[in-house]
Structures are given as C-alpha cells and as structure tokens.
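What follows is the residue order along each chain.
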Amino acid sequence: MKIMVCVKRVPATDSRIKIAADGTSLDTTSIEWIVSPYDEFALEQALQIKDADADTEVVIVSLAPAAATKELRTCLAMGADSAIHIKDDQANTRDAFTTASALADAIRDAGADLILCGKMAVDHDQGQVGTLLAYKLDLPCVTEVRDLKIDGNEVIAERAGGGGTKETYAVPLPAVLTVTKGDKEPRYANLKGIMKAKKKPIEELEAAAGADHMTVKVMELPPERPAGRIVGEGVDAVSEVMRLLREEAKVL
Amino acid sequence: MTSTASPATLSSLVKPLFLGQLRSEALVPYPTMSADDAELLAMVQDNVAKFAADHIDPAAIDQAHAIPQEVLDGLAELGLFGVAVPEEYDGLGMTNTQYVKLCETLATLDGAVPIMSGGHSTIGIKAIQLFGTDAQKARYMPRLASGELKAAFALSEAGAGSDAQALRCTATRDGDDWLLNGNKLWITNGGFADVFTVFARTPDEERDDGRISITCFFVERSAGIVSEKEEEKLGIRGSSTVPLLFENVRVPADAVIGDVGKGFKIAMHVLNAGRTGLSANCLGSSKVLIEEMAKYTNERQQFGLPISKFELIQQKLGRCAQDVHALECMVYLTTGLVDRGHKDIALEAALCKIFGTETLWSVVNDAVQCAGGNGFTTDYPYERMLRDARVNMIFEGTNEILRLMVAKTGLGELGAALAGSTTGDALDKLVRGSEAPDPIEVPAALQRDALGLSMGIATLAQTSAAALAEHGKDVGAKQLVMAALADQVLALYAQMAVLSRAKLVVEAKGEEGAAAELLLARGACRRMAARAKAAADSLRDPDVGLLLETAAAVSDSERVPTEAP
C-alpha cells in the first residue's frame, strides 16, 4: 500500500499578517512557516495505517519554494518514508488548478493507492486542490473525512453529513480523500524521528511552468474591530444584550 | 604572552583587549549556521513550541511549584534530554549554537523548563560527556539522551558557594570503592534526578603542600543519595532545588570521572562552557518581555494616546531593544566561536552571563513599570517573570565573582605579556597611554562606532596597566577596580559582536535592506561605548573612599549609623 499525502507550507496561524507593497500578496519577510494543520491530520491518518501495517509506504508530495525543506523534513520526522518536492518559488500564490495539476503530474509518475490531502490549506482557505486533484487523476473523491481505514481494496471513509448525520463511504482504491479534524491528534516529531529524517530521501522535481488561470486583484486586511461596548449592568442589561446578539451580531 | 597549543586564531577574543589588541581576523566574519543546521534547529524549535502550546502552562507550573510528570515524560519522548548528546550515543548532537538557540526558545515558553533542561544538558551530563571514559559514556549516555535518566550537577555546599574550593563533602577510599559523605546545597533537578555529577574532597590524596584535592564522581541515586525538602523560592518555583545528603554512599572505582584530584578543573570547565546557555535563557525571556511591552504600550491609552507615543515609555522600549540586540550579537558570536573550535571562551561566556542576566533584570523591571498596576498583579505574566529573572544574577557564578574572574584573567595576561617584554619600562609606557588598535573594517554607516571601539580598547589597556602599576599583585583585592575593568571589557566585547554582525548583515542585504540592523547596531554601540567610558571614569571616582568608609560604619553598627535629629 502506497499512500501519497499532499502537504502545503503555510504561514503559522499566529503570524501577524501584513499585505505586501504590491497589494495582491502577503508580506512574507517575517513570517514563520508551518505545515498546514489539516495536512497534518491527513498525514496522521496515513501514519496510523502504517503503524498497523508495516508494508505501508507514506510519501509526502508538496509544491513549495526551493528553500522550503523544513516542512518536508518535519513530515519525514513524524514518520513518512520519503518526499517529493516540486520546486516552485511562487508556490504560495499559485491558484488551485495549477497546484493540483503539478501535484497530479508527480503522483501519476510515482503511482499511489491512496491520496490524502487536508480539506484546505489555512492560507487562502479555498479547499479546491483535493477535488481538482481527483478530477485530474480521474479518481473518486470524498471530502472532509474525519476518519478512515483500509479494508481490502477499499478505503472506508467517515464524514459528517448534513443535519449532524454521520456518513460512512466505501470507496474503491485508488481514491482521493480530503481530511478534516477527527479524533486522531497529529503526533510530534521527536528527536529519533528528526535524526532518521536527516537520512530519508527527498526527490526534487522542477515544476512545469504552467500559467495561473486566475490572479489576485486586491488583497485587503479586515477592518479594525470596533471597541467593545457596555450596554448596561446586571439583569437590566439582559434584554438589550439579547437584542444585540440577535439583530447586530446575528449569532442567535 | 602565554603560549597555547591551539592555533592563534582559535584563542580568546577578549583576553588581548587588556593588551590593547583587537583580533579582527577571529571576529570577522560573524559566525552563522549552515542551512542544514538551521533547518534541524527549526524543526526541534517548532516541535518544542508545539508541545508547549498544548502541555506547558507557566502560571500553573509556578503555582504547583513543580513541572508535572507528564510534561517531563512528554519532553523526554520529544527528545529534549538528548539534544546535546553526541549522535553516537543516540543524541541529536547539536552544535553549541543550535543548543544555545534552543535554550533561548525554551525560555520563551516557561521559566522553570529551561532551568530543568539546562540542569540536565548544560551541566548535569557535561562532565561525563567531556571527561568520561568510553565505557562510562556507553553505559550512561544513551539513557541520558532518552531522558530515562535525568541528571543533576552537585557542586555547591553551605560553606562553598562562590568559593568552590572550600568543599567539605568527602570521598574516602574503602577497598576498591569510595565512600561519599557530606551535604550539597541548591542542587537543580535534585528532587527527581537519577544520576548526579558530584564533586567531593579526596583528602587521602592530599599532600602536605596545602593544595586540596577535589574529585568528580558520577553517582546513581540508588547508591544512597538522599534528597531533602524542596526549597521554597522567590522564582523559578517549578524547578527542583534541594539539598542532598550523603551518608557513606558507596560508589565503585569506575564512578570517578577524569583523574582523581582533577575534579576542580572539570567543574570549572563545565561551568565556564555552560554560561552561554544561561545567557540565552535571559535573551529569550527578554525578547518575550519586549514583545509584551510593545503590545501593551500600543494598546494602553492615556490622555487620548497609546502610551507608546510618550517619550518616557519610548526610552524604555528603545533601551531594552538596544541591550537585547547587543546581547544577542554577543551570545551567538560566542557560541559560533565554540563551533569554530575556540576552546578558550571562559571570559566570553562569563561576559554573556553577566550581561544577559542584568539585561533581563532591567528589561523585566521596565516591563513591569510600563504595565503599571497591571504589572504588579498575577493576572499578567510580568510579576512571575520578574521573580524568575532574579536568580540568574546569583547562580552559575555570581555576577560579582564572574567580574573578578574576568578582570583577574585579563590582568594575568597583561602581566605575563609585560614580564616577557625586554623593555623594562613597558608598563610605564602602557600607563601613559597606548595606541588604539586599527578599527575593524565596517560599512560606512558604522565607521564612527568602529573607531569608538578602538578608542575604548586603548582606554582599557591604559587603565589596566595603571591598575597593575598602582596596586601590583594586590590588585585582585581592589574589587571596585577589578569590576570597572570587567565592565569595560563587557561593553567592548558587546561592541565587537554588534559591529561584526552588522557588517555581515549589511554585506548580505545592502544598507537599505539592513536598515533595522544598522539602527539597532548604531544605538547599541553608542550605548555600550558610553557604558565603557562610565566604567573607565569610575576608576577616577574621588568619592570611593567615602563609600567604603560608610560601608565600614554600617558593618560596625549593623544599621544606618545616624539618627534623625
């Protein structure tokens, strides 16, 4: 069983976001980078399959700038066997279609029984790459999978359906799944893993110079949040707070 | 000059300053990590930070007066106890720079965890790692790396604090074994450590020449070491600090680390080399405090403006940032020297420790002040960080002892150089003033500061020579003179580090790209030059006599010896 896990390098979720001078991209000068958390959920699912069946091979594939090897090594340190680094210094501004095409080319060449992605990268939050990848590879796709297991030639995938229902799918392999947070917490990369990761192979590919299909026109920061208000004190304020929650905040 | 086995380029940067010499060739280029080393470090830092976000609660650890067992277990699982252990013994084999940068990271996450980690990695395992036999290392190092065994360093005693030679704990031969007896005090990790690096007098080995014999032992707790009650402390409450009791603790001959009677050298070597780790703890805490200060003073409004718009707040932010910048440059210059193979960094590391601990103390003081009443409450982290910061100026060599050590070593160099000189009036010549060394080559924007550094070095050489000429061999007892020399050296080493790093950054990024670096470098250099000058001027302070006479009156009466009329 060969599992391909697609990961993306994204700004750490506690980064202080600044827009670059061009007005269409992030200022990345002082950003700390991490593996997108949903991709870590996907990797953890793959690693647990490997824990149960040692014949499983887990391969990381990522479209990322040439210098961005730390995130790939981190995945290897967590337990993946090898990585494919499709080098592209514009990786973080590529549109989903171009990203999916690059990933699909690499996966097609390497071959895979199961392809896992995070349900979305926490930078642009678009959530398109997984489904586009399935389309490119002409494979079935289940999105927002909470848990999964292998059963013979099928993957059994569990997801939340509408109205709080739980849906369980049986999908013939190969297949593409996008993974969301479930009960399996991603493991830490420990020292032994980091040592081993130093010797694990990272295959480097040059990204085919495909043009993006769309461009970001303007990127803006959210408006500053207005200051808090004190609407009254004690019990007297309850009805006003309820009204504001209903009518202004629209959370009730 | 005393000759050393190592090549000249690998000898101390600080010692030649006392002779008015600036060794640019060892200072430039400023050391940097390889891309691979930086990546490995970042992975470890990320994972530790991730673990901390999930499991480490500094306020809870402070209140519980202990690091929870599951945190210790988690850190062991993560591999924290093996970061400094060589790869051949299943450790990560970090370079000195990597390790010290990790110390800095740990200090941003908690107050007690970096102390616990340093108690193990910086001092607890160092003696066996550096001076142990292959058999001793094979037996212990892999288990020390995994955290299965946690280590402590046991040197201090009730009567042997700054004066480590005054040890009373003894080890006496009993057949092939040794029997250890006595008490140790202030032992970090002592409450839970499994193995102890213990220093004891070996009186049977002493001859009649009055020199004492100290031997280093690596002792398992199960041999019979008893931990007494945890100390109730002002700060770093989560770290374990206990007295140890040895009553006929029997250890085998192969528990001796290094040679019998060579323990004092081992202890000093471990402590000298370890002080950069502690200074990096201070660096990490200081950076966190500056971030908190900057956020707080941006948000806090008075008179219709964020208080960061007021000059008395800006003064604090600016000074803190300049000092922390200088500290960072110094610490990683020093660790870089170690990684380049410099063995003789005792003075450099001591200066990092003095400056780091005092910088943190002033930063935390300013941070509390900026936060006003909030800074004084337990709702904010400031009061805890203030309590945690205080001990740094006391342990791992008090700052007073380290200042004396720096000046004594420096004057020793100067004395030795003069003794070897053929001209009899070499000292007089130096006292009259020596020529400033050639300034280091720096970008145009820093030339004035490079010149200032050279002038400061000349002043140090002149004042050092004057101190030797005036006090001769008794200069060591003139502690105010010694401290004034040490403070000059500290400020000079800081300027060297700042200029070297700025040169590197400007060459890589251009003056425009390095604007922030240049701003901080210039500010830090001016501040340090002023500090060096103030220290030199203090040597001519005519009021020292009044001060010392007053101290004597206080000591006699044990009170302020005056009454209000």
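**Q** For the pairing of strand S2 (residues 170-174) of chain B, give the residues involved together with the corresponding values.
**A** Residues in a regular strand point their side chains to alternate faces of the sheet. Residues and elements named next belong to chain B. Inspection of the sheet shows S2 paired to strand S3 (residues 177-188) by five bridges, in the antiparallel sense. Bridge pairing links Arg173 to Trp178 in S3. Taking the residues between adjacent antiparallel strands as the criterion, S2 and S3 are bridged by two residues, where Gly175 takes a positive phi near 65°.

**Q** Let's hear about the state of the cysteines: which residues, and what values?
**A** All names here are of chain B. Taken as a whole and judged by the stated rule, the model has zero disulfides over all chains. As a non-bridged cysteine, Cys103 has Cys282 as the owner of its nearest cysteine sulfur, 11 Å distant. Left unpaired, Cys370 is separated from the closest cysteine sulfur, that of Cys320, by 7.5 Å. According to the relative accessible area criterion, Cys370 is buried, its value standing at 5%.

**Q** Now, about the interface of chain A and chain B: what can you tell me, with residues and values included?
**A** Facing the 14 residues of chain A at the interface are 20 residues of chain B. Across the chain A/chain B interface, buried area totals approximately 1,600 Å², and carbon plus sulfur atoms make up 58% of it. By the criterion of area lost to chain B, the three top residues of chain A are Tyr188, Leu191 and Ile194 of chain A, representing 42% of everything that side buries. Put simply, Lys70 of chain A and Asp46 of chain B hold a salt bridge, and the shortest N to O gap is 2.6 Å.

**Q** Break down empty space enclosed by the protein for me, with residues and values.
**A** As enumerated under the stated definition, the model contains three cavities of 30 Å³ or more in all. Lining the largest cavity are Ala189, Asn190, Leu191 and Ile194 of chain A together with Val44, Asn47, Val48, Leu78, Gly79, Leu80, Val83 and Leu92 of chain B. Put simply, the parts of the chain that give the lining of the largest cavity at least two residues each are helix H5 (191-197) of chain A together with helix H2 (35-55) of chain B. Among the elements that line the lining of the largest cavity, the one with the most residues is H2 of chain B, at three residues. Among the residues forming the lining of the largest cavity, the class breakdown is nine nonpolar, three polar and no charged. Taken as a whole, the second largest cavity holds about 50 Å³ of empty space. Taken together, Pro58, Ile61, Asp62, Asp110, Gly111, Ala112, Ile236, Arg237, Gly238, Arg384 and Asp388 of chain B form the lining of the second largest cavity. Counting residues per element, the lining of the second largest cavity draws most heavily on helix H3 (residues 58-64) of chain B, at three residues.

**Q** Describe the packing of helix H11 (residues 346-370) of chain B against helix H13 (residues 382-390) of chain B, and please don't skip the residues or the numbers.
**A** Residues and elements named next belong to chain B. The contact between H11 and H13 brings their axes to 9 Å, and the two run at 160°. Viewed along their axes, H11 and H13 adopt a mutual orientation that is roughly antiparallel. Here the hand of the crossing between H11 and H13 comes out left-handed. Contacts from Leu360, Trp361, Val364, Ala367 and Val368 in H11 reach Tyr382, Met385, Leu386, Ala389 and Arg390 in H13. Residues of the contact of H11 with H13, tallied by class, amount to nine nonpolar, no polar and one charged.

The rules behind each value
Residues numbered from 1 in each chain as written. Chains lettered and ligands numbered in written order. Predicted model: local features only at pLDDT ≥ 70, side-chain atom pairs only at ≥ 80, totals over all residues. Heavy atoms only, no water. Pairing = 2+ DSSP bridges. Helix = DSSP H or I, 4+ residues; strand = E, 2+ residues; numbered from the N terminus. Disulfide = S-S within 2.5 Å. Buried < 20%, exposed > 50% of the residue type's maximum accessible area, 1.4 Å probe, protein only. Contact = heavy atoms within 4.5 Å. Buried area = accessible area lost by both parts, 1.4 Å probe. Salt bridge = Lys/Arg side-chain N within 4 Å of Asp/Glu carboxyl O. 1 Å grid on protein atoms, 1.4 Å probe; cavity = no way out; pocket = protein on both sides within 12 Å on 5 of 7 lines; lining within 4 Å. Points joined across faces, edges and corners; volume = space filled by probe spheres on them. Nonpolar A, V, L, I, M, F, W, Y, C, P; charged D, E, K, R; others polar. Axes fitted to C-alpha atoms, helices over the stretch in contact; angles between N-to-C directions. Parallel < 35°, antiparallel > 145°, perpendicular 65-115°, else oblique. Left-handed = near helix turned anticlockwise from the far one by under 90°.

Geometry only, nothing functional implied.
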